[in-house]
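What follows is the residue order along each chain.
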Amino acid sequence: INENADPNVCADILDALAALVPEGKWRHDRIDDNAAAHIKATILGPSQTVPVRGNRLRLGTWQSVMLVELDGPRERTVIVAVR
């Protein structure tokens with residue numbers, strides 16, 4: 001969840017992750033060459049909790065839910081649970 005009014009925010013986040021976790025220097029790369037994706041996913045986390053009121057997500061004015069594919073492209077399943 002982050003600002004989504006300016007598309008540069010998404011690009012900046014991806015650039016920062018790439019600088020923080022460079023490709024091709026990790027032990028796991030010897031197995032299937034996607035160690036950086038695993039590390040970035042660990043930093044970002046697997047889920048978010050978003051409050052809902054009146055059937056609407058309670059996000060800030062500029063916020064959106066961002067889905068980031070770090071090891072693809074590939075098809076993924078998104079699960080939404082409302083309690």
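Residues numbered from 1 in each chain as written. Predicted model: local features only at pLDDT ≥ 70, side-chain atom pairs only at ≥ 80, totals over all residues. Heavy atoms only, no water.

Student: I tried to follow the pattern of salt bridges on my own but got confused; where do I start?
Tutor: A side chain with one charge can pair with a side chain of the opposite charge if their charged atoms come near. One pass over the full model with this rule turns up three salt bridges. For K40, the salt bridge is made with E23, and the minimal N-O distance between the two is 3.4 Å. Here K40, found in helix 3 (residues 35-44), pairs with E23, found in the loop between helix 1 (7-20) and helix 2 (29-32); they are 17 residues apart in sequence, far enough to count as distant. For K40, a relative accessible area of 9% gives the class buried. A residue is classified by how much of its surface remains accessible, and E23, at 57% relative accessible area, is exposed. The salt bridge partner of R76 is E69, with a shortest N-O separation of 2.7 Å. Of the residues examined, E69 reaches a relative accessible area of 33% and is grouped as partly exposed. (Salt bridge = Lys/Arg side-chain N within 4 Å of Asp/Glu carboxyl O. Helix = DSSP H or I, 4+ residues; strand = E, 2+ residues; numbered from the N terminus. Buried < 20%, exposed > 50% of the residue type's maximum accessible area, 1.4 Å probe, protein only.)

Student: Is there a simple way to explain the environment of S64 in this structure?
Tutor: Looking at the secondary structure, you find S64 in strand 4 (residues 63-64). Residues S64 and E3 lie 61 residues apart in sequence; the distance between their C-alpha atoms is 6.3 Å. When near neighbours in sequence (up to four residues on either side) are disregarded, S64 contacts I1, N2, N4 and L59. A polar side-chain atom of S64 sits 3.3 Å from a polar atom in the side chain of N4. (Contact = heavy atoms within 4.5 Å. Polar contact = N/O pair within 3.5 Å; in protein donor to acceptor, adjacent residues only side chain to side chain.)

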